[in-house]
Amino acid sequence: MKAIFKISYGCIFNISTLLILGLMISCSPSRYVPENSFLLNKNKLIIEQKKIDKSDLEAYLLQKPNKRILGIRLNLFYYNLSNINKTRWPHSWLRKIGEEPVVYDPFLTNRTREQFKIYLENKGYYDARVRDSVRFKKDNAKVIYRIKPGEPLRIRNIRYLFEDTGIVSVILNDTVNSLIDKGMLFDKEKLQNERIRLEELMKQNGYYGFSKEYIYFNAEVVNDRNLVDLTFVIKEYVEGEINRRSMVRHHKKYKINDVIFYPNYNPYEALTNSADHRNQDTIIHDGTKFIYRNKVNIKPQVIYNHHYILPDKTYDIRDYNKTYRNLSSLGLFRFINIHYSESPDAKTDSSGIYPLDCQVELTPKNIQSYQHEIVGTNSYGDLGVRYNLLYQNLNLFRGAETFNLKFTGAFEALRYSGITDLSRTFELGTETRFEIPKFFLPFRMTEFVKKYSPKTVFALALNHRIEKQYVRTFANASYGYTWRGARYLRHTLFPFELNFVQVDEYRSKDFLEIVDSTFLEYSFTDHLVGVSRYTAEFNTQEIGKIRDFVFIRLNLELAGNSLYFINKLTDSRVVEGSYRLFDVRFSQYARADLEFKYFRVINSRNTMVYRGFAGVGYPYANANSMPFEKKYFVGGPNSIRAWNAYSLGPDSEEKYENTGDIKLEFNMEYRFKLFWKLEGALFMDAGNIWDIYYQESRADAFFKWDRFLTDFAIGTGFGTRFDFSIFLLRIDIAMKMRDPLAPAGERLILTSRKLTFSDDFTVQFGIGYPF
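Residues numbered from 1 in each chain as written. Predicted model: local features only at pLDDT ≥ 70, side-chain atom pairs only at ≥ 80, totals over all residues. Heavy atoms only, no water.

Chemist: Hey, could you run me through the pattern of salt bridges in this one?
Modeler: Once the charged atoms of two side chains with opposite charge are near each other, the side chains can pair. Counted by the stated rule, this structure contains 45 salt bridges. A salt bridge links E537 to R553; the nearest nitrogen and oxygen atoms lie 3.6 Å apart. Note that E537 is positioned in strand β19 (residues 527-539) and R553 in strand β20 (residues 549-559), a separation of 16 residues in sequence. With relative accessibility at 29%, the residue E537 sits in the partly exposed group. Using a relative accessible area of 31% as the deciding quantity, one classes R553 as partly exposed. (Salt bridge = Lys/Arg side-chain N within 4 Å of Asp/Glu carboxyl O. Helix = DSSP H or I, 4+ residues; strand = E, 2+ residues; numbered from the N terminus. Buried < 20%, exposed > 50% of the residue type's maximum accessible area, 1.4 Å probe, protein only.)

Given below as C-alpha cells:
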C-alpha cells in the first residue's frame, strides 16, 4: 500500500511539473512556426448594438487559436516537446496528445468574414457589415472582427397557399403552435424548423408519405421598411392520378391495416431465405398477428401491452416512436425494426383513407448469461477489490421477467483513521432481484403500462461484513415499483422494505465502550427497519448533446409506523422503552433529502458543475436514534474531500464514525480536459452534519439556526482523472480552508497557522466522478 502512495505522489508530482513547464514554454512562440509567419493568439469579436449572440458567431470561425487550459497552451507545449523529424515514441505520442501550432492565415480570415455575413443574412440582417483587422505583436497575431448588424428584416404578414385543399384544416387548426409569428425576425433557420414541424404534424394525422419537401416559402420585401410578407406554399402530392374534380393530386391519408410481429426474427435466415416456414405458428391477439418460429419465446400479451400501432387506427408517427421506446425498455431485444408498407390491395375506404400495413421484426438477445467480475471498489474512501459472480435471465416465464442473481466477496483496506492503518474489511453476500414489466396488482392497467413502462421489483439480499471493530450481518427484503413519468422524470415507490441488522460480535473493547450508553448504542445493536420510500428523479441530460442540464432527486422515507400502531392496538409488551418484533427492536423515523446538480457545459472540453444537498432524519416514538445505515455523514472522495469519510462533524470528541441526522453540503467543480485520457479539475466543498435532538454529551452537534453557518467546513483542491471510457480513475488532493473543530478565531486555516501536509491535506482516490 505504501508503494501505491509513492506511485500516486510521483504521478502527481510529474503532472504538476509538466503543468509548470507548460506555463513557461507555452507563453513563448512555437518552435515550429514557419519563418515570417505569426502564431494566431486571439480572435476578438466586437458586435455593435449587441443584437447577436457572440457564441453563435464564434461557431463560424474557420481558424481558432491553440486551446488554453487555465490560460496555458498546454497542448501546444506538448507538441513543441516533440521532434517533428522523428517518428518513434515519445515524439509521435507527444504530437498525438498535443496540438499543432495555429499559424495566422489571411485567406481563412477572409472566409470567416464571409461566413459571418452569410450567418447574419440567414438571421434577417441583410444590411450587416463585417470588417476585420489584424494586430501583430512580436510573433503573435490578433484578429479583430467588427460586426455592425444593422436593422433586420421582420415578418409583417403570414399567409398559406394550398395546392391540395384537403389538408387545409390540418395545418390551419394548428397555427397556434407555429414557430413563426408576425413581428419576428426573418430567420431562415426558424423557417426550416417550421417546415420540419409541419411535416411532423402531417405524419401525426395519417399522412405517412408527407415530407417537408412539399413545403416552401416565398418572401416579398416591402421597400424601405425592412418588412417581409411571407407565404408558405404546400404543394400537391407528386404520385398517383389527378383528381378530376379538384384537378390536383391529393396527399394520401392512411390508417393501419394489418399489424404483424415476428418476436423471434432471425435476420440471417431472412437474408439467406433459409427460414423454415413449416415450423411457424401464428397467434392473433386483439387483431394483431404474432408469427413465431419454432416456439413461442415471449407471450403475445406482453408485446401487445407495450405497443401503440393498432389495426384501424389512423397512422401517427408518435405511435412508432412510443412503440420503439416501450419495446426497448423491456431489455429483451437486440434489434427492433418497424416497417410500414402500402397494402397490396391499397384501395380507399368510404372516407378516402388508404390502408397501411405494419411489420415489426424483433431479434431477441441471449436470454441467459453468466458473468465473472473482478472490480476495484471505493466505499467512502476505502479501497479494495470485489469479485462478483452474476447470473441473469431476461425472460424467466416468457413474460419479459428479468431475474438477476449475484454472489459477491470483497476485501477492503486503507481505513481512513490514518494513512498507514491497514485494517482490513471482509465481506460476503448474495443478492437476487426479480422484475416484472407491469404493475403487480389485482387489476389491469394496460394504458398505464403503454404510457409509463412500469416495473414491479422484488429483491432479497444477505450480507456478512467483518470490520476491525465489529462483525455485522445485514438482510434485506423489498417490494416496489418503478415507472417513467413526464419527460425527464422517473419515479420509484417501495411500499415495503424490511432491513434486519444483527451485530454478531464486538471485536474492539474501546469501540464497545464508546458505543455503550451513547447515541451510537441503538445503531450498533440488533434492530429492524421497516421502510416505505419514494424517490423522484428529474434529469434533463440528453446523450450526445453538448448543452447544460439539471439533475434533481427527491427522496422520502417513513419507517416503523405500521409496526408501531399494530403493537399499540394489540397492547404489546414494552421492553426497555420500545416495542419489539421477534424480540428485536424496530426503528421508527421519517427521513427526507433533496439533491440538486447543475451542469454548465461551456464547451466540449470544459464543464462547470454545481451541487447542493440537504437532508434531515427524525427518529421518534419507538426509537431515539436513527439506524446507523440511515444516518448522514460527510467527508470522503464523494463529499467534502478535505476530510476523510466519517471524520468530520461538529462534535470534536467523536472517536469513530461521525454521523448525524441533518446534512447540508454544497460543491462546486470546474472540469477540463488536458490531453490523452487525462482530465483535470478544480473544486470547492462546504457543509457539515448535525443532530436533530439535543444531547448533553454532544452539545456541539445540536443543530441551531443561529449558528449552523459557523459550523460549516470548507475545503478546496485540484484533481486529475484518467478516463478509460469503461471507467474513470480519480485522484483528488484537497486542502482544508475552514475547520469548524478548531478554536474560535483559528478556524480559517490560511490566516491562523502554517499549512502541513499531514494535517491539512488529504488525498482521495475514487472511481467515477464525485457527483
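Chemist: Please clarify how the environment of F261 should be interpreted in this entry.
Modeler: Position of F261 relative to the elements: it lies in strand β7 (residues 254-262). You can call F261 buried: its relative accessible area is 0%. If sequence neighbours within four positions are ignored, F261 has contacts with T288, K289, F290, I291, I303, H307, L327, V360 and L362. (Contact = heavy atoms within 4.5 Å.)

Chemist: What is the right way to read the environment of F549 from this model?
Modeler: As for its position among the elements, F549 is in strand β20. On the basis of relative accessibility, which here comes to 13%, the residue F549 falls in the buried class. On a C-alpha basis, the gap between F549 and Y598 in space is 6.2 Å, while along the polypeptide they are 49 residues apart. Sequence-distant contacts of F549, that is, excluding residues within four places in its chain, are made with N539, T540, Q541, K597, Y598 and F599.

Chemist: Where do I start with the sheet that holds strand β9 (residues 288-293) in this structure?
Modeler: Strand pairing in a sheet relies on backbone hydrogen bonds, with the paired strands running either antiparallel or parallel. Sheet architecture is open: five strands sit in the order β8-β9-β7-β11-β10, paired in mixed fashion. The sheet is open, and its two edges are formed by β8 (280-285) and β10 (333-342), each paired on a single side. Taken pair by pair, the neighbouring strands of this sheet meet at an average axis angle of 20 degrees, ignoring direction. When β10 meets strand β11 (residues 354-364), the two strands line up antiparallel, connected through nine bridges. In the sheet register, F333 faces β11, and the bridge partner there is P364. Sheet contacts for helix α10 (residues 317-329): β7, β10 and β11; angle to β10, the most-contacted strand, approximately 160 degrees. (Pairing = 2+ DSSP bridges. Axes fitted to C-alpha atoms, helices over the stretch in contact; angles between N-to-C directions.)

Chemist: Would you take a moment to explain a nonpolar patch on the surface for this structure?
Modeler: Together, W676, F724, I726, F727, L729 and I767 line one region of the surface with nonpolar side chains, adding up to about 620 Å² of accessible area. On the basis of relative accessibility, which here comes to 77%, the residue I726 falls in the exposed class. (Patch = residues over 30% accessible without salt bridge, like charges linked within 9 Å, V, L, I, M, F, W, Y side chains within 5 Å. Areas by Shrake-Rupley, 256 points an atom, 1.4 Å probe, with all protein chains shown as cover.)

Chemist: When you look at the nonpolar core in this model, what are you seeing that I'm missing?
Modeler: As a rule of thumb, nonpolar side chains are buried together in soluble globular proteins. One finds F261, L327, Y340 and L362 to be the most contacted residues of the largest nonpolar core, which totals 27 residues. For this core, the secondary structure elements donating two or more residues are β7, β9, α9 (300-304), α10, β10 and β11. Excluding anything up to four places from it in sequence, Y340 contacts Y208, I256, I309, Y315, Y320, L356, D357 and C358. Judged by nonpolar contacts, the second largest core, of 21 residues, contains L153, V170, I171 and F186. (Core = buried A, V, L, I, M, F, W, Y, C linked by side-chain atoms within 4.5 Å.)

Chemist: Explain the packing of aromatic side chains to me, please; I cannot follow it from the model alone.
Modeler: Each aromatic ring pair is described using two quantities: the centre-to-centre distance and the angle formed by the ring planes. All chains considered together, the criterion is met by 55 aromatic pairs. Judged by centre distance (5.2 Å) and plane angle (45 degrees), the rings of F77 and Y78 are tilted. It is K663 that lies over the ring of F613; its NZ or CZ is 4.9 Å from the centre. (Phe/Tyr/Trp six-rings, centres within 6.5 Å; stacked < 30°, edge-to-face > 60°. Lys NZ or Arg CZ within 6 Å of the ring centre and 35° of its normal.)

Chemist: I would appreciate a short explanation of the sheet that holds strand β1 (residues 39-47) in the present structure.
Modeler: Ordered in space as β1-β3-β2, the three strands form an open sheet in which the pairing is mixed. Edge positions in the open sheet fall to β1 and β2 (129-137), since each of these has one partner strand only. Strand-to-strand, the axes of this sheet are offset by a mean angle of 20 degrees, without reference to chain direction. Where β1 meets strand β3 (residues 140-148), eight bridges bridge the pair, whose relative direction is parallel. Bridge pairing in β3 links N43 to V143. Together, β1, β2 and β3 form the strand contacts of helix α5 (residues 106-122), whose direction differs from that of β2 by roughly 150 degrees.

Chemist: Help me understand α5 in this model?
Modeler: Residues that lie three or four places apart on an α-helix share one face, since the helix turns once every 3.6 residues. The terminal C-alpha atoms of α5 lie 25 Å apart, and with 17 residues this matches the ideal 24 Å at 1.5 Å per residue to within 8%. Regarding α5, the residues found buried are T109, T112, F116, Y119 and L120. The arc enclosing the buried residues of α5, seen along the axis, measures out at 95 degrees, which places them on a common side. One side-chain oxygen of the residue at the start of α5 lies 3.0 Å from the amide nitrogen of F107, identifying that residue as D105. G124 lies just past α5 and shows a positive phi near 105 degrees. (Expected span 1.5 Å × (residues − 1). Arc of directions from axis to C-beta. Polar contact = N/O pair within 3.5 Å; in protein donor to acceptor, adjacent residues only side chain to side chain.)

Chemist: Just checking my understanding: could you explain a positive patch on the surface for this structure?
Modeler: On the surface, K42, K44, K50, K54, R129, R131, R135, R146 and K148 cluster together into a positively charged patch. At the level of secondary structure, the elements contributing two or more residues to the positive patch comprise β1, β2 and β3. Of the residues forming the positive patch, the biggest block, three residues, is contributed by β2. A relative accessible area of 32% means that K148 is categorised as partly exposed. (Lys, Arg positive; Asp, Glu negative; His and termini not counted. Charge placed at Lys NZ, Arg CZ, Asp CG, Glu CD.)

Keep in mind these numbers describe shape, not what the thing actually does.
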